[in-house]
Amino acid sequence: ASADEWMKRSIYQIVTDRFALGNGSSPSCDTSEKKYCGGNWQGIISKLDYIQSMGFDAIWISPVVENIDGAMSGDKAYHGYWTQNINSLNSNFGLPDDLRSLSSTLHDRGMYLMVDIVVNHQPQTFDYSLLQPFGGADCFHSECFISDYNNQTNVEQCWLGYSGLPLLDLDTENSTTVDIMYNWIKNLVLDYSIDGLRVDTVKHVRKDFWPEFASSAGVYTVGEVLTGEVGYAAPYTEGLDSILDYPTYFAVHKAFTNGVSGNMAIIAEIVTEAQNQYNYGTFNVGSFVENHDNPRIQSTVSDQSIVKNVITWPFINDGIPILYYGQEQGYQGGNDPANREALWLSGFDEEDKPLLAQIRILNAARKQAISYNPSFLNNRVTFIPQASANSTLAISKPPLLALLTNGGSSSTESWSIPSSAGLYNANETLVDVLTCDTVITGSDGSLSVTTSQGLPKVLMPAKSLSATGSLCRA
Ligand code: ABC
Ligand code: CA
């Protein structure tokens, strides 16, 4: 599928080994052991109702190719990033036909499959010939660990990892190697009817490798460029359809998870910078607040009002919302590997899960916004300066208006959106879809509203809600 087709979607990110088992069992899973816990593709198939009922219409799964365990550390490759052979699959996750079934079951439900893929490296082993098809030291850049992130050649041609688990850096300057990779991705996408790719370690491969890689894949590509800087990330939006919105991720965390000292204005600054610098703007960035490489929000924030504000962000931001599995269940794991908890241990419970309920509403609100406003997906978010301060941010993407605060559960905020913001008519009824409370604009179209307990609001004009939809039915 193309970037345009992906833009309407929202994505549920899965660590395949940790989501569900095909036989429905629920073994214990100690994340600190860094072992396989048993999740697999059949497990995902068996829990698609759970994902779809939250309103997601795409999933992103762990890398699928055959992996090799850590030679020296004893860590297992349960996460899928330690490629052994790009031409066979990781049998811990299932057989080739299981992956094909996952893909076709998703398609039958109108959902998309995004697969994570790695080009940049393979783990070092005692016997290079185990690594396929690049079975020799000469297929990799010579040994040096990345030591200077300000030196782009060092970032591209030296190795990730550390002495206990070195990641051999593929020689992507060699044209034979490059052609193998272009052919591989083309065949992988066709063989398993993949709809999109999450591309690992993009900044560690020279930029001009990527355009032909993306065109060989022929589907939407979203690249991981792990940086807090828009200026560093921007050039990568030329070679791939999109990137994961890491700069905004860092801004959101600074604003919300630094307690009262966090300044919300930093979000507006970074987003505006990105809107101006990214090729095609920020319309198809992958927008997220948690993933498998970073501590979960609730590992540092316990205030549930703040958590609810943070979770709202990707659904109101430009781009494609991505939710990391487990967030809906309130998981609290810290740094890798603690943030990769088994979801089956939650029992896939849907009752009494306030975050899950909120996510369902947010997905429905975004879908309703897309169908109500034909230009929703191509309109940039704007920030209402008069209603934004240190601890508040008013974000407009008509018909949505989100009022977010980092004040926490004991705070009360008063918001004033002047008529000059041009958002509303006189005496218009707006519905906070998170609570179904209503508020009416003034006779000049201005809006005054109070939020209590530091909770977020997502306001939509009553006229924009469908009579038959699930949102706050009259
Ligand atoms: C294993 C163990 C861990 C242990 C670690 C050292 O080794 O499991 O317990 O802590 C996979 C597995 C991991 C595994 C690694 C290493 O392999 O998932 O569990 O860790 O073998 C991608 C994937 C990631 C994957 C790999 C490797 C790459 O998403 O899951 O890990 O295939 C760099 C890369 C990035 C990579 C990330 C893990 O490391 O660029 O592609 N992710 C700075 C650098 C970044 C760097 C980041 C973290 O630090 O600039 O390049 O990411 O090391 C901002 C700045 C940024 C800065 C951040 C932290 O702050 O602007 O520059 O990022 O403000
Ligand atoms: Ca490299």
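This is a predicted model, so every value here is computed, not measured.

1. Overview of the coordination of the calcium ion (ligand 2)
Piece 1. Protein coordination at the calcium ion (ligand 2): the donors are Asn120 (OD1), Glu156 (O), Asp169 (OD), Asp169 (OD) and His204 (O), at 2.3 to 2.5 Å from the metal.
Piece 2. Mapping the donors of the calcium ion (ligand 2) onto the primary sequence yields the spacing N-x35-E-x12-D-x34-H. One end of the pair, Glu156, is in helix 5 (residues 152-157); the other, Asp169, is in strand 8 (residues 165-169), and 13 residues separate them in sequence.

2. Section: the nonpolar core
Piece 1. The biggest cluster of nonpolar side chains holds 121 residues, and the ones touching the most others in it are Tyr12, Ile59 and Ile61.
Piece 2. Counting 16 residues, the second-largest nonpolar core is a separate cluster that includes Trp6, Trp60, Tyr246 and Ile320.

3. Quick word on the site of ligand 1
Piece 1. Within the structure, ligand 1 sits among 23 residues, and Lys203, His204, Glu224, Asp293 and Asp336 are positioned closest to it.
Piece 2. Side-chain polar atom of His292 to an oxygen atom of ligand 1: 3.1 Å apart, as the coordinates give it.
Piece 3. A distance of 2.9 Å separates an oxygen atom of ligand 1 from a polar atom in the side chain of Arg340.
Piece 4. Its free accessible area being 1100 Å², ligand 1 has 69% of it covered by the protein chains.
Piece 5. For ligand 1, the cavity whose grid points lie within 2 Å of the majority of its atoms is the largest pocket.

4. Regarding the packing of helix 10 (residues 246-257) against helix 11 (residues 265-277)
Piece 1. Helix 11 packs onto helix 10 with a crossing angle of 170° between their chain directions and a minimal axis gap of 8 Å. With respect to helix 11, the element helix 10 is oriented roughly antiparallel. Touching Pro247, Thr248, Ala251, Val252, Lys254, Ala255 and Phe256 of helix 10 are Ile266, Ile267, Ile270 and Val271, all from helix 11.

5. What to know about the pairing of strand 5 (residues 112-117)
Piece 1. Counting buried residues in strand 5 gives six out of six residues, a clear majority hidden from the surface.
Piece 2. Burial of strand 5 is two-sided: the residues Tyr112, Met114 and Asp116 facing one way and the residues Leu113, Val115 and Ile117 facing the other way are all buried.
Piece 3. In terms of strand pairing, strand 2 (residues 58-61) meets strand 5 through four bridges, oriented parallel. Paired with Ala58 across the strands is Tyr112, a residue of strand 5.

Basis of the calculations
Residues numbered from 1 in each chain as written. Chains lettered and ligands numbered in written order. Predicted model: local features only at pLDDT ≥ 70, side-chain atom pairs only at ≥ 80, totals over all residues. Heavy atoms only, no water. Donors = N, O, S within 2.8 Å, 3.2 Å for Na, K, Ca; no water. Helix = DSSP H or I, 4+ residues; strand = E, 2+ residues; numbered from the N terminus. Core = buried A, V, L, I, M, F, W, Y, C linked by side-chain atoms within 4.5 Å. Buried < 20%, exposed > 50% of the residue type's maximum accessible area, 1.4 Å probe, protein only. Near = heavy atom within 4 Å. Polar contact = N/O pair within 3.5 Å; in protein donor to acceptor, adjacent residues only side chain to side chain. Areas by Shrake-Rupley, 256 points an atom, 1.4 Å probe, with all protein chains shown as cover. 1 Å grid on protein atoms, 1.4 Å probe; cavity = no way out; pocket = protein on both sides within 12 Å on 5 of 7 lines; lining within 4 Å. Sits in = over half its atoms within 2 Å of the grid points. Axes fitted to C-alpha atoms, helices over the stretch in contact; angles between N-to-C directions. Parallel < 35°, antiparallel > 145°, perpendicular 65-115°, else oblique. Contact = heavy atoms within 4.5 Å. Pairing = 2+ DSSP bridges.

From the geometry alone we can't say anything about function, so treat these as descriptive.
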